[in-house]
Structures are given as structure tokens and as C-alpha cells.
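# Fold and geometry: a report
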Amino acid sequence: MCGIVGYVGPRSALDVIIEGLRRLEYRGYDSAGVALIAGGKLESERRAGKLANLEAALAEHPMSEANTGIGHTRWATHGAPTDRNAHPHLDCTGSLAVIHNGIIENFARLRAGLEERGHELTSDTDTEAVAHLLEEEFPAADGDLAEALRRVCRKLQGAFTLVVTHVDAPDVVVGARRNSPLVVGRGDGENFLASDVSAFIAHTREAVELGQDQVVEIRRDGVTVTDFDGNPATSREYHVDWDASAAEKGGYDWFMLKEIEEQPQAVADTLLGRIDVAGRLSLDEMRLSDEELREIDKIIVIACGTAFHAGLIAKYAIEHWTRIPCEVELASEFRYRDPILDRQTLVIAISQSGETMDLLMALRHARDQGSRVLAICNTNGSTIPRESDAVLYTHAGPEVAVASTKGFLTQLVACYLVALYLGQVRGTKWGDEITSVVDDLRAMPGKIAQVLEGMEPVRELARELCEERSVLFLGRHVGYPVALEGALKLKELAYIHAEGFAAGELKHGPIALIENGLPVIAIVPPPRGRNILHDKIVSNIQEVRARGARAIVIAEEGDTTVDAIADHVIRIPSAPTLLQPLLSTVPLQVFACELASAKGHDVDQPRNLAKSVTVE
Ligand code: AGP
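What counts, and at which threshold
Residues numbered from 1 in each chain as written. Predicted model: local features only at pLDDT ≥ 70, side-chain atom pairs only at ≥ 80, totals over all residues. Heavy atoms only, no water. Helix = DSSP H or I, 4+ residues; strand = E, 2+ residues; numbered from the N terminus. Rg over C-alpha atoms; globule rule 2.2 N^0.38 Å. Buried < 20%, exposed > 50% of the residue type's maximum accessible area, 1.4 Å probe, protein only. Areas by Shrake-Rupley, 256 points an atom, 1.4 Å probe, with all protein chains shown as cover. Domains from an automatic or database assignment. Contact = heavy atoms within 4.5 Å. Buried area = accessible area lost by both parts, 1.4 Å probe. Salt bridge = Lys/Arg side-chain N within 4 Å of Asp/Glu carboxyl O. Polar contact = N/O pair within 3.5 Å; in protein donor to acceptor, adjacent residues only side chain to side chain. Nonpolar A, V, L, I, M, F, W, Y, C, P; charged D, E, K, R; others polar. Core = buried A, V, L, I, M, F, W, Y, C linked by side-chain atoms within 4.5 Å. Near = heavy atom within 4 Å. Phe/Tyr/Trp six-rings, centres within 6.5 Å; stacked < 30°, edge-to-face > 60°. Lys NZ or Arg CZ within 6 Å of the ring centre and 35° of its normal.

Below, the discussion takes up the overall build of the chain. Looking only at helices and strands, one finds 18 helices and 24 strands in the chain. For 616 residues, the compact-globule estimate of 2.2 N^0.38 gives 25 Å, and the chain sits close to it at 25 Å. Over its C-alpha atoms, taken along the principal directions, the chain stretches across nearly 80 × 55 × 40 Å. Out of the 616 residues in the chain, the part that is buried amounts to 63%. Total accessible area on the chain is roughly 22300 Å²; 47% of this is exposed by carbon and sulfur atoms.

Per the domain assignment, the segments making up the chain are domain 1 (3-247), domain 2 (255-442) and domain 3 (452-598). Taking only C-alpha atoms, the centre of domain 2 and the centre of domain 3 are 26 Å apart. The interface of domain 2 with domain 3 comprises 27 residues on the first partner and 21 residues on the second. Roughly 2000 Å² is buried in total at the junction of domain 2 and domain 3, and carbon and sulfur atoms are behind 77% of that figure. Seen at the junction of domain 2 and domain 3, the total is 0 salt bridges. Connecting domain 2 to domain 3 are 7 residue pairs in polar contact (both at pLDDT 80 or more). Counting only elements with at least two residues in the side of domain 2 that touches domain 3, the list comes to helix H6 (255-261), helix H7 (263-271), helix H9 (305-322), helix H13 (406-426) and helix H14 (431-453). Here the side of domain 2 that touches domain 3 gets 9 residues from one element, more than from any other, and that element is H9. Of the residues assigned to the side of domain 2 that touches domain 3, the class counts are 18 nonpolar, 7 polar and 2 charged.

Before going further, it helps to examine the pattern of salt bridges. Applying the stated criterion across every chain yields a total of 40 salt bridges. Arg47 is the salt-bridge partner of Glu45, the closest N and O atoms lying 3.0 Å from each other. Between Asp229 and Arg154 there is a salt bridge whose closest N-O contact spans 3.9 Å. On the criterion of sequence distance, the pair formed by Asp229 in the loop between strand E13 (222-227) and strand E14 (236-239) and Arg154 in the loop between helix H5 (145-153) and strand E7 (158-166) is long-range, its members being 75 residues apart. For Asp229, a relative accessible area of 54% puts it in the exposed group. Looking at Arg154, the relative accessible area reads 45%, which means it is partly exposed.

So, about the nonpolar core. The biggest cluster of nonpolar side chains holds 130 residues, and the ones touching the most others in it are Ile299, Ile348 and Leu490. Among the elements that take part in this core, H13 stands out by supplying 14 residues, more than any other. The residues touching Ile299, leaving out its near neighbours within four places in the chain, are Ile318, Ile324, Pro325, Cys326, Glu327, Leu346, Ile348 and Leu422. With 30 residues, the next largest nonpolar core counts Val98, Phe107, Leu110 and Leu162 among its residues.

A few words now on the site of the ligand. Not every one of the 15 residues close to the ligand is listed here, only the nearest: Ser351, Gln352, Ser353, Thr356 and Glu492. Between the ligand and Gln352, the relevant distance is 2.7 Å, taken from an oxygen atom to a main-chain nitrogen or oxygen of the residue. With respect to the ligand, the backbone of Ser404 contributes an N or O atom lying 2.8 Å from an oxygen atom. Where the shell around the ligand is concerned, the elements lending two or more residues are H9 and helix H16 (479-494).

What follows concerns the side chain of Ser195. With respect to the helices and strands, Ser195 occurs in the loop between strand E10 (191-194) and strand E11 (206-209). Under the relative-accessibility criterion, Ser195 is labelled buried at 3%. Here Ile4 takes part through its backbone nitrogen, which lies 2.8 Å from a polar atom of the side chain of Ser195. Ignoring anything within four residues of it in the chain, the contact list for Ser195 reads Cys2, Gly3, Ile4, Leu24, Arg27, Pro181, Val183 and Glu355.

Inspection of every chain in the model, using the stated rule, returns 4 aromatic pairs. Considering the side-chain rings of Tyr7 and Phe192, the 5.1 Å spacing of their centres and the 50 degrees angle between planes classify their relative orientation as tilted. Here the residue Tyr7 occupies a position in strand E1 (residues 3-8), and Phe192 occupies one in strand E10, the gap between them amounting to 185 residues. Of the two residues, Tyr7 and Phe192, both sit in the buried class. Judged by centre distance (6.1 Å) and plane angle (55 degrees), the ring pair of Trp321 and Tyr416 falls under tilted. A residue pair is termed long-range when its members are at least 10 positions apart, and Trp321 in helix H9 and Tyr416 in helix H13 qualify at 95 residues. Sitting above the plane of the Tyr29 ring, Lys50 keeps its charged end 5.2 Å from the centroid. In this arrangement the basic side chain of Arg607 is found over the ring face of Tyr495, its NZ or CZ atom lying 4.0 Å from the centre.

In C-alpha cells:
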């Protein structure tokens, strides 16, 4: 939610900021704005709508050349997405500008106090209060912008990343973070601040991860980090292991298409280096000892959205391979039901971004109760892995499209690895059983590539169905979360009614929804070994077809039982039942992407959404 960029250096600050905002636009795209310090003056421009609107305004009214500045792309929380509420926000004198990601919870009280003291606030945002508080604190801090920001931060409640520039401190930009992300990019004679490294990756791959409740000052020649009281603070420096090309569309119409195509490589990268020469799994970022893992008597997986669906699938693998009871819960619900947690509970927190606020709050609750938390995450240096006891990175590379695709498949692989590792450590799986699953996993990149090669009929079907108002998805066992994921993709991209059901539940109510011609997409498990799940879902498909539904079936190559009962069959290579979601999800991603494109929607930036949801 909200993308933030700050720059100090020899280049055109505006060029650096606009390029950074373009890469961060996935975080929010309700409005955008910039502020520059140029020739002893502060200049600012902001516009409702996408970054393109701001660029058009800048083309009409060019700003002065500047080497210091800040920029913002917004996902609205307080105040409608209008020009007036767009960031940056200025103080009464127009000397300083503030951009913000998060929610300042005590803003109403702060705002009332400011108005009593004669400040004139011109927007409906919580952020503007910070600009006016800084206006008061800057002289009190003898013109030290970082000190002024520290004083203001001590008055704020809630979650925030703040970045500030001031006309009387023309060679510095300062930032602060509590619960929301902010990273420093260290360049040669220049430095950057941003919500994530993609904003400055074209200029430097050396980053500094800021800790909780820290204030940072960047200058051309250095970076200073303190806590909110002004004490020197330590922060982790790291090298980003991907480059600017990974954050580009690379010839695809949408980032989502590119990320779908990257899945074979992403899955291979998640598996890379996890199996040692002796064929044993070694998860070196685990930071939990084998002894600690042997003490675990319950696992709770927490996550949101697509990551939650990965967690639902993980439960089947964890319980089957480790015999440890496993619950899966939406992070936004978790802490409010007073879950039973203790030292023997392992909480697995799954997040692509590592920033999702609902999940962060849930994991903090779990740790407060003494549970150990293992994060499965794609974003190095983000808050969730930093606050966990252990982390398994998925190494999928940057995921830019709001709809998660490679993030999901790699989360699944990471979950399988954790389940196998627990099976190995606790002795519930023989070595050769683990090796056999690992071999199956190693075959997955090739099989996913095979699925992708056969997607033209799925695209055709999506175009044909683009005027439908409703689509249902059915699955059983691990196919049920796949159905939920297929429906979520369609909702978020195509804005049509889509629902996933456990196929056995149909007869308990949802079957009433079936009417003539309604598309129903069913995920059919492998037919081998007299798979009872297979036979049951074949019956469920017959039930909906008998009531007029148009049955679209995802089934294994060679599964001829579905030919007579399906209107369309989408074929996937054979795979063990537990691993099938790595294949069956892919056509559903392609289907949603193509259908949304055919409707003329912005696939990468669906309405009302943002990639990282950093508010509760
Ligand atoms: C998926 O397509 C979504 N846009 C969304 O559900 C996402 O998976 C969810 O917000 C969780 O994000 P995270 O993995 O970054 O925590």
C-alpha cells in the first residue's frame, strides 16, 4: 500500500523518482505526487489517478531541475483519491513536504490540536497532520530535520513510513518507519529511500534494511540511522541478488503474464540448494534446531488471500507426512479468536511480500504467547521474516502484478519442503520416501512448462466466456483450495462473481445456483490407484451437468473418464495427488488473466486493490 521514493545525489531527482514510482505503482495507484527542492524553493505536483496523470501534468507544467526530492504513489485509506488528498502534503508555509504509507491512528486528536493552534489543514488525510507537526518541531530542533521527525514520531500511533524533505535542509531526505516498510539504497555519491528495492534497483543493488522504530537521514555522502530517541541504531546491509531486468515486463503485455511464464524457473529456484549431497533436506535459514522441531505438537498456518490458499494445501501435506495436527487460519481472524498457543506450537506465516499487516499482527500475537514462528516469504529484508524465529525464502524473484501467481506456486513448494523436513527430523518419513517426493518435486518445473505450452485453448475459452456474469469452481481435497484460488483470481481481475466450493458441499446448498449454461470449472484428481476422490468428483460433475451447467474439467492426460461428462477438458501432466495443485492452478491463472484482458481491464493493477496490504 503506497509506494515511496526519496533521492539525494547528482542525478535529476525527478527522473529517479518517476522511474522509481513506475516500479512501485503496483503498491497503490489511486494518485501520485512529487516534491523537489530546487533553487531554494520547494516545488510540488500531485494528481489523482495513475502515475500517467501525474506525468501528463508534469509535461504541461515542467518542474525545475533538482537533485533532492521525494515521490509517492497512493492507495487511499483516509480521504478519497482526489488531487487534494494526494501526497505529498505540505505545511502551512510550503517549506516542507511529507509522504506517508500506513495509518496514523491518533490523527483526529493531533489534527484537532493543530487546528486549535492555528494551522490550516487542506486535505482529509491523516498524513497532513505530520506535515504541520513537523512545521512546529523543525525550529524547535534547531533546523535538524531528522531530530524534528524523531520528535514527531514519538507523538504518533499506528503504522507509518514517513519520508520528508525541507527547503532549509536541501541536501538531505529523512525517513522513519514503524510497522511499514522502508529500505535504503546505497549508491556512489547518492542515496535512495524506497518502499522496496525495485525502486532503485537500476542504480544500486546495495541495500540497508531499516529496523522497527528507526529514523534515517540520507545525504549524498552517507546514511545515518537512529532510533526514535536519537540513539545510533544498527540496521542490516544486504546485496540484492536480482537486477533491474527482473522488474521489467520483458516484452509481455502484463507483468502477470510474465510471472505466469516464469513459474517453472521460480519453482526450480525455490528447490535449489535444499537437498544436500547425502540426499537429505537442509533448510539452512530455518534457525530452529531439530530438537525444537521435534518438540512441536501442533502447527497453525496463518496467511491472507492467495497465500492462505497455499496454507490450506500445506495442511494436507503436513498432516499426511508428519502426523502433526495442523490448522489453517486467515491471519485477519487469528488473534481475535484467542487461539490456543504455546511453546510447542509452530506457527507458519506465509507471505509473498513479507509486509501484510494482518499477518504481521497475527505473528506478533503468536510470539507473545511463546509460539515459534516460521515465515515462508519471497521478499528478502521484509518485516515478516525479520520478526520470525526462522524463515524459508521462496526465491521467486520480484512479483509485480497484484494477482499472485509465481508467489503462490513457490509458497506451495516451500510448504512441501517444510513438511518433508519435519517428516525427516521427526522420523515420520523414511529417507527413501522423502527422496521420492523430492524427485517428484524436481520434475515439476518441466511439467509446469508443459502446462504452459498447451494454454491456447484455455485462452480461447476465456475470450468466449468473457461476458459471463458468474463462474463456479469445484474441487476436493487439495483441489478445493485450488478452486478457491481460481475463483479469487477471477474476482480480482475480471470483477465477476466467482466462487470456489468443496465439491461434496454442492448438494448442501450451492447446487441451487446451477442454471443452464453456467460455467463450472472442476479440478479432477489423478485417477490412479482407484483414487476415491477421483470417482467422487466425477459424480459431482455429472450432477451439475444434469442441471444444465457447462462443465469445464481440468484432468490428467490419459484420464478418459472425463471425456463423456465434460464440455471442455483442459489437460495437465500426471502428478502425485498432493503435488497436483502445482499444475492444476496454472490454467486457472491463465484463464483469469485472459478473461480480464478480453474485458479490457488493467490486469496488473485491478481496481481497488494494492499488491502489499500494509493496513489492517
Ligand atoms: C492474490 O492474488 C492477492 N492479490 C492477495 O490475495 C495476496 O495474496 C494477499 O494480499 C497476501 O499477500 P502476501 O502474500 O504478500 O502476504
